[in-house]
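# Remarks on the overall topology
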Amino acid sequence: MRACVPLIVAILCSLAWADLYSAPSSCRDRCHEAFDRHQPCHCNARFPEFGNCCKDFESLCGHEGFSYSRDAITKEELQSVSEKIYRADINKAQKEDIILNSQNRISPSETRDHVDRCPEPLFTYVNEKLFSKPTYAAFISLLNNYQRATGRGEHFSAQQLAEQDAFLREVMKTAVLKELYGFLRHQNRYSSEQEFVSDLKNMWFGLYLRGNEEEDSSGFEHVFSGEIKKGKVTGFHNWIRFYMQEKEGLLDYYSHVYDGPWDSYPDVLAMQFNWDGYYKEVGSAFIGSSPEFEFALYSLCFIARPGKVCQLSLGGYPLAIQTYPWDKSTYGNGKKYIATAYVVSSTR
């Protein structure tokens, strides 16, 4: 969310409007009002993420991008709901489903060296029966629907569009997404499941122009499938995609710089790798999580803390996710697409 104005300026502005009962370009006496397309700016708790809040929203109505009122999403609430989502992930891998061979850990100063310090693959074994579960199967069907090079337009067939809808239908059946939707509805972010699913489809699958000429990217492609831009790997934060590309001989695991504190799945690993001739300096990913788990946490953080660090808790351990909105184009009433989302930190 864009910061509206420094506090001192906001105070001066609000004083200037003191004698007016309702000013269309101010949030004075308008905090939390319903959306009115005739207004030049807005004061509802969700509109900061759309990029069209009034200049004094932050000082009059907001706290970390949200309202001081019952609409606020606090750090404590994010930590609580993320723990509930963590417990709800019954489709995650069990310990025996994945054998990792993480091998050499390097220092952050060595990530630019482009040196392969791990002679063996990262994944020694994955129980591929996981991939027959409905959400996994629907997720995997989406991964090859994209051209990884930015600057090359994406054009979805009817079948590919149907696969997007199928994925959303499957994840919405899970306890993970039901937990997320229930939380966001309680927080007055959505009034119906239909509105929620429609927003997820737009923010994740809506195309925008990351290159120069054609709509060539989306949040889903960038975060989960991966892209190549200016000779480097960008995005690519998914363990299933990593495993499948490694199995096909298209990905070479080089090293890792971070291994999370969890002794069961999902875990977190920050890796260096070569993807069919292109290097990824640091790519963090959940390991062993279900597709709906990652999709839910990234969505939660993008909705609650767009463009900011989002502090969560998983199994008693803190975890931070960073998301960024795509600022050059919008959908709906000026809402932002997801540009990227990834794990940035955790503490042992």
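Our subject is the structure listed above.
Read on for an overview of the structure.

Thresholds applied
- Residues numbered from 1 in each chain as written.
- Predicted model: local features only at pLDDT ≥ 70, side-chain atom pairs only at ≥ 80, totals over all residues.
- Heavy atoms only, no water.
- Phe/Tyr/Trp six-rings, centres within 6.5 Å; stacked < 30°, edge-to-face > 60°.
- Helix = DSSP H or I, 4+ residues; strand = E, 2+ residues; numbered from the N terminus.
- Buried < 20%, exposed > 50% of the residue type's maximum accessible area, 1.4 Å probe, protein only.
- Expected span 1.5 Å × (residues − 1).
- Polar contact = N/O pair within 3.5 Å; in protein donor to acceptor, adjacent residues only side chain to side chain.
- Contact = heavy atoms within 4.5 Å.
- Salt bridge = Lys/Arg side-chain N within 4 Å of Asp/Glu carboxyl O.

Attention shifts here to the packing of aromatic side chains. The tally for this structure, following the rule as stated, stands at 32 aromatic pairs. With a centroid separation of 6.1 Å and 35° between ring planes, the pair formed by Phe123 and Trp239 is classed as tilted. Linking Phe123 in strand 4 (residues 123-126) with Trp239 in helix 10 (residues 239-247), this pair joins segments that are 116 residues apart in sequence. What makes Phe123 buried here is its relative accessible area of 6%. Given the relative accessible area of 1%, Trp239 is considered buried. Each ring, one from Phe242 and one from Phe273, has its centre 5.2 Å from the other, and the planes form 85°; the classification is edge-to-face.

Let's shift gears to helix 11 (residues 291-304). With 14 residues, helix 11 extends 20 Å from end C-alpha to end C-alpha; this agrees with the ideal 20 Å at 1.5 Å per step. Of all the 14 residues making up helix 11, 14 are buried; the element is thus mostly covered by neighbouring parts of the structure.

With respect to the secondary-structure elements, Asn145 resides in the loop between helix 5 (134-143) and helix 6 (158-172). On the basis of relative accessibility, which here comes to 12%, the residue Asn145 falls in the buried class. A polar contact of 2.8 Å, which involves the side chain of Asn145, links it to the side chain of Glu163. When sequence neighbours within four positions are dropped, the list of residues in contact with Asn145 reads Glu154, Phe156, Gln160 and Glu163.

This structure, assessed with the given rule, holds 10 salt bridges. One salt bridge in this structure joins Glu281 and Arg112, with 3.5 Å as the shortest N-O distance. Here Glu281, found in strand 9 (residues 278-287), pairs with Arg112, found in the loop between strand 3 (98-100) and strand 4; they are 169 residues apart in sequence, far enough to count as distant. Overall, Arg112 belongs to the exposed group, its relative accessible area being 64%. The partner of Asp199 in a salt bridge is Lys335, with the nearest N and O atoms 2.7 Å apart. Remark: Lys335 occurs in strand 12 (residues 335-346) and Asp199 occurs in helix 8 (residues 193-205); sequence separation between them is 136 residues. When salt bridges with common partners are traced through the structure, they connect Glu110, Asp113 and Arg117 into a single cluster.

Structural measurements only, silent on function.
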